[in-house]
Amino acid sequence: MTDTEKKCNICGSEFENSDKLEQHKKESHQEKSREKPQVSKSSRYKATGIAAAIAVAIIIVVYFSDSTTSIGTVQGVECDPLEGTIFHIHAHLDIIVDSKHVIIPAGIGIKPNECLYWLHTHNTSGVIHIESPQQTTFTLGQFIQVWDNTPGISPKFEEMTHGDKNIRVFVNGTEVKDNYANIKLDAHDEIALVSGNVPQSIPSSYEFGGL
Ligand SMILES: [Zn+2]
Ligand SMILES: [Zn+2]
């Protein structure tokens, strides 16, 4: 062994013997210079992984907020997976076109296996269920917007009333000179919308039974 063999040719440090020099070279130069890019590589993978995780998280958030949008809120009326029980009242709607009662579809405001709007119909009785987690005054206009925005419901309100812009409104048998959209839905109200000829008798009340 010569002196040069005990001197590190990279940093010039001297060592007692060639073994220690070898060890030094391994520890200080070879391994580090071999390891460093490995470490930065793995941290680059780590960073890529984190970025990917963030991207996935963003996609999930966007996806779910998209699906929330697709469930939709119609004029402040939300669609909830469960029926709200805090506020639960009923009003009855009759639609009379050219003196004939027309059937109001069942399932307005209900997206099966998805959600129920706070305003909905369970059957063709014309009973509007107003079920929400908060006590709020809803309008007939909101109900009709929900109607028109419930997939699979036919006919739509405008189809039923032939797009009539002069629909007359009777609440509990008394004509109200206002647009039907502004009519408030109060408990046990009997609302009649009349398009075309006004029939001789307008319903003034409805038998709600236990509702
Ligand atoms: Zn209900
Ligand atoms: Zn109800």
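What this report covers is the structure whose coordinates are included nearby.

Reading the values: rules and limits
Residues numbered from 1 in each chain as written. Chains lettered and ligands numbered in written order. Predicted model: local features only at pLDDT ≥ 70, side-chain atom pairs only at ≥ 80, totals over all residues. Helix = DSSP H or I, 4+ residues; strand = E, 2+ residues; numbered from the N terminus. Buried ≥ 20, exposed ≤ 12 C-beta atoms within 10 Å, placed from the backbone. Contact = placed C-beta atoms within 7 Å. Pairing = 2+ DSSP bridges. Core = buried A, V, L, I, M, F, W, Y, C linked by C-beta atoms within 7 Å.

## Looking at the overall build of the protein
Next, step 1: A tally of helices and strands in the protein yields 4 helices and 10 strands.
Next, step 2: The N-to-C order of helical and strand elements in the protein reads α-α-β-β-β-β-β-β-β-α-α-β-β-β.
Next, step 3: Here the protein holds 211 residues, and 22% of them are scored as buried.
Next, step 4: Residue pairs at least 24 apart in sequence account for 60% of intrachain contacts in the protein once pairs closer than 6 positions are excluded.

## Thoughts on helix α3 (residues 140-148)
Next, step 1: Of all 9 residues in α3, 7 are buried; the element is thus mostly enclosed.
Next, step 2: The inward-facing, buried residues of α3 contact β5 (115-117), β6 (119-120), β7 (127-132), α4 (157-160) and β10 (190-195).

## Observations concerning the pairing of strand β2 (residues 87-97)
Next, step 1: In the sheet, β2 pairs with β7 via 6 bridges, with the strands oriented antiparallel. Its bridge partner being in β7, His 88 is matched across the sheet by Glu 131.
Next, step 2: The pairing of β2 with β10 spans 6 bridges and is classified as parallel. Each bridged residue has a counterpart across the sheet, and for Ile 95 the counterpart in β10 is Leu 193.
Next, step 3: Sheet analysis places β2 next to strand β3 (residues 100-102), joined by 3 bridges and oriented antiparallel. Its bridge partner being in β3, Val 97 is matched across the sheet by Lys 100.
Next, step 4: Hairpin remark: β2 followed by β3, antiparallel, with 2 residues in the connecting loop; positive phi at Asp 98, about 50°.

## Section: the environment of Gly 141
Next, step 1: Of note, Gly 141 is situated in helix α3.
Next, step 2: Linking Gly 141 and Ala 181, residues 40 residues apart in sequence, is a C-alpha distance of 3.6 Å.
Next, step 3: What Gly 141 contacts, discounting residues up to four positions off in sequence, is Ala 181 and Asn 182.

## Comments concerning the pairing of strand β8 (residues 168-171)
Next, step 1: As paired elements, β8 and β10 share 4 bridges and run antiparallel to each other. In the strand pairing of β10, Val 171 is matched with Ile 191.
Next, step 2: By the bridge criterion, 3 bridges tie β8 to strand β9 (residues 174-176) in an arrangement that is antiparallel. Paired with Phe 170 across the two strands is Glu 175, which belongs to β9.
Next, step 3: Where β8 hands over to β9, the hairpin turn is made up of 2 residues, of which Asn 172 adopts a positive phi near 55°.

## Thoughts on the sheet that holds strand β1 (residues 79-80)
Next, step 1: Taken in spatial order, the 3 strands line up as β1-β5-β4 in an open sheet, and their pairing is antiparallel. If you trace the sheet from one side to the other, it starts and ends with β1 and β4 (110-111), each paired once.
Next, step 2: Of the strand pairs in this sheet, β4 and β5 are connected by 2 bridges, and their pairing is antiparallel. Within β5, the residue paired with Lys 111 across the bridge is Cys 115.

## A short note on the nonpolar core
Next, step 1: Grouped together as the largest cluster of nonpolar side chains are 31 residues, with contacts concentrated most on Tyr 117, Leu 119, Phe 143 and Val 146.
Next, step 2: Of all elements in the fold, only β2, β5, β7, α3 and β10 reach the threshold of two or more residues within this core.
Next, step 3: A total of 5 residues in this core trace back to one element, the largest contributor, which is α3.

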